[in-house]
Amino acid sequence: MRSFSFTTLSLLASAVSATLQIVPGATWTATNTGQHIQAHGGGMLKVGDKWYWVGEDKTNGTAFININCYSSTNLVEWNYEGALLSQTASGDTGPGRVIERPKVIFNKKTNKYVLWMHIDSANYGEAKIGVATGDSVCGKYTYLRSERPLGFESRDSGVYVDDDGTGYLLTEDRKNGLRINLLSDDYTTIVRNVYTWAEKYESPAIAKKNGVYFMFASQLTGWNPNDNYYSTATSLSGPWSAWKKFADSGSNTYASQTTFILPVGNNFMYMGDRWVGGELFRSTYIWLPLTISGTTASMKNAVNWIVDAQSGSMTPGPTENQYEGESAALSSGARTIACSGCSGSNAAGYIGGSTNGAATFSNVQSSATTRTTLRIKHLNGDSKQRVADVSVNGKTQRVAFLPNGGSEPGSSVVHVDLKQGANEVRVVTQGTWGPDVDRIMVPQS
Ligand code: DGJ
């Protein structure tokens, strides 16, 4: 009986978590900070049963402040763990420095985590690679040094560990083309060049399936997105195929730039950045299922989709019901405002302020009792993030709302427990202005 109930519980747990969704391009609030996740240009690794996402903290724009680390068990809900490196008084990690594209690999021989990253001056003139090591994945790292790999310029970078444990550095050499370099056994030094493409691509990331290596990379257009490409080979030293597009041509890779390709089970997830140049803190994450078959890679866009972090299954997201902000009960100063880009041309405005204006949606229907993802379509005309406390059936969490930019509402996701039947969703901000709420999008099942 005991084992029967245990099995039943785990089955229920997996069924429940299956409806959490990845919503590319939305505000993603870390569960324990109430702030948009700052892990841009990042990569991921799995340690035990947790995923760790390491990336750039762009709170201050291009100037380095932190290399951040977040953890998750389901690839959807992220907890802030801390910074691997933080700004120091001087040196490579000092004020006004550029540190981009941090990637961590684990070295089984030394038991160390090794972090490689682009190190630069504010005008990107130094063009170096840097390396640091740590004893735990999300702990403090010791910065070792920076250099021009084998004497060549290096800006965007990545790392790749092959099945046999050999480590490689991927480095963008603007003068000569994208390179693969072999790393030493402990992954902390560069041994020799393995391959150089004649083409000048950046933002490199390698994946391997059935003995075929795929190098993904972007063209060089600064913070603006372009159609990214891939090249394939059966050996890292080549020959490598001609470059091909993997997303819809002309979509600029769904307005994103490659940063990492994550294997999940037998499948792959594309991780890209949708940079907002000039306001880099509000850059968002474009994660999508990447189909790799033979020597072909392809990717379609999605509003929402579901990943099973255990099995790697990737399935389309649910259709949604929508509840208009202006139809919610608006109280304590909150009221309907005109909004040209919103559905119904209206939104719930004046959320928060000195009166703590609130919008209460009292009849949000769910066909199942489930943990799932809501999207709050919102406006925030500020240049800073706004926040709100979102309560679902009385359980409250702090949610961030990035500036939406333009007239189109942005999405902010919130992961909640819905019960079958009617639910109450309340959006309120205490003392400061919250987002204008166009509508909330609620999974139908
Ligand atoms: C594009 C790169 O891929 C980013 O990492 C960053 O270096 C920007 N260029 C700077 O313009």
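Every value quoted in this text rests on a predicted model; they were computed, and no experiment measured them.

Thresholds, definitions, all that
- Residues numbered from 1 in each chain as written.
- Predicted model: local features only at pLDDT ≥ 70, side-chain atom pairs only at ≥ 80, totals over all residues.
- Heavy atoms only, no water.
- Helix = DSSP H or I, 4+ residues; strand = E, 2+ residues; numbered from the N terminus.
- Rg over C-alpha atoms; globule rule 2.2 N^0.38 Å.
- Buried < 20%, exposed > 50% of the residue type's maximum accessible area, 1.4 Å probe, protein only.
- Contact = heavy atoms within 4.5 Å.
- Areas by Shrake-Rupley, 256 points an atom, 1.4 Å probe, with all protein chains shown as cover.
- Lys, Arg positive; Asp, Glu negative; His and termini not counted.
- Charge placed at Lys NZ, Arg CZ, Asp CG, Glu CD.
- Pairing = 2+ DSSP bridges.
- Axes fitted to C-alpha atoms, helices over the stretch in contact; angles between N-to-C directions.
- Disulfide = S-S within 2.5 Å.
- 1 Å grid on protein atoms, 1.4 Å probe; cavity = no way out; pocket = protein on both sides within 12 Å on 5 of 7 lines; lining within 4 Å.
- Points joined across faces, edges and corners; volume = space filled by probe spheres on them.
- Nonpolar A, V, L, I, M, F, W, Y, C, P; charged D, E, K, R; others polar.
- Near = heavy atom within 4 Å.
- Polar contact = N/O pair within 3.5 Å; in protein donor to acceptor, adjacent residues only side chain to side chain.

Caption draft 1: Fine view of the overall build of the chain. Secondary structure summary: the chain contains 2 helices and 34 strands in total. The C-alpha radius of gyration of the chain comes to 22 Å, within 12% of the 22 Å expected for a compact globule of 445 residues. Reported as C-alpha extents along the three principal axes, the dimensions of the chain are approximately 65 × 55 × 40 Å. Residue burial in the chain is summarised as follows: out of 445 residues, 57% are buried. The contacts of the chain with a sequence gap of at least 6 include a subset with a gap of at least 24, amounting to 57%. Looking at the chain as shown, the accessible area adds up to about 17,400 Å², and 50% of this sits on carbon and sulfur atoms. Computing the positive centroid from 38 side-chain charges and the negative centroid from 37, the chain places the two 1 Å apart.

Caption draft 2: Structural detail: the sheet that holds strand 9 (residues 141-147). Spatially, the 4 strands line up as an open sheet ordered 6-7-8-9, and their pairing is antiparallel. Each end of this open sheet is capped by a strand with a single partner; those strands are strand 6 (98-107) and strand 9. Taking the axes of each pair of neighbouring strands and ignoring which way they run, one obtains an average angle of 20° across the sheet.

Caption draft 3: How the structure looks around the state of the cysteines. With the rule as written, the count across this model stands at 2 disulfides. What pairs with C69 in a disulfide is C138, and their sulfur atoms sit 1.8 Å apart. The sign of the -55° torsion about the S-S bond sets the C69-C138 disulfide as left-handed. One end of the pair, C69, is in strand 4 (residues 66-72); the other, C138, is in the loop between strand 8 (128-134) and strand 9, with 69 residues separating them in the sequence. The buried category is assigned to C69, whose relative accessible area is 0%.

Caption draft 4: Here's a closer look at the layout of surface pockets. Size it by volume and the largest pocket reaches roughly 1,000 Å³. Around the largest pocket sit 41 residues that line it, and I105, F106, Y160, V161 and D162 are the ones nearest its centre. Contributing elements (two or more residues each) for the lining of the largest pocket: strand 2 (40-47), strand 6, strand 10 (157-161), strand 14 (202-209) and strand 18 (257-264). Looking at side-chain class alone, the lining of the largest pocket contains 22 nonpolar, 10 polar and 9 charged residues. Quantified by volume, the second largest pocket comes out at close to 370 Å³. Together, 22 residues line the second largest pocket, and P24, G25, A26, R274 and S411 are the ones closest to its centre. Sorting the residues of the lining of the second largest pocket by element identifies strand 20 (284-293), strand 29 (370-379) and strand 32 (410-418) as the ones contributing at least two each. A total of 3 residues in the lining of the second largest pocket trace back to one element, the largest contributor, which is strand 29. Looking at side-chain class alone, the lining of the second largest pocket contains 10 nonpolar, 8 polar and 4 charged residues.

Caption draft 5: Layout of the site of the ligand. Around the ligand, a shell composed of E100, R101, Y124, D156, E202, G222, W223 and Q257 is seen. Here an oxygen atom of the ligand sits 2.7 Å away from a polar atom, N or O, in the side chain of E100. One of the backbone nitrogen or oxygen atoms of G222 is found 3.4 Å away from a nitrogen atom of the ligand. Here the ligand has 290 Å² of accessible area as a free molecule, and 88% of this is covered by the chains. Class assignment for the residues of the shell around the ligand results in 2 nonpolar, 2 polar and 4 charged.

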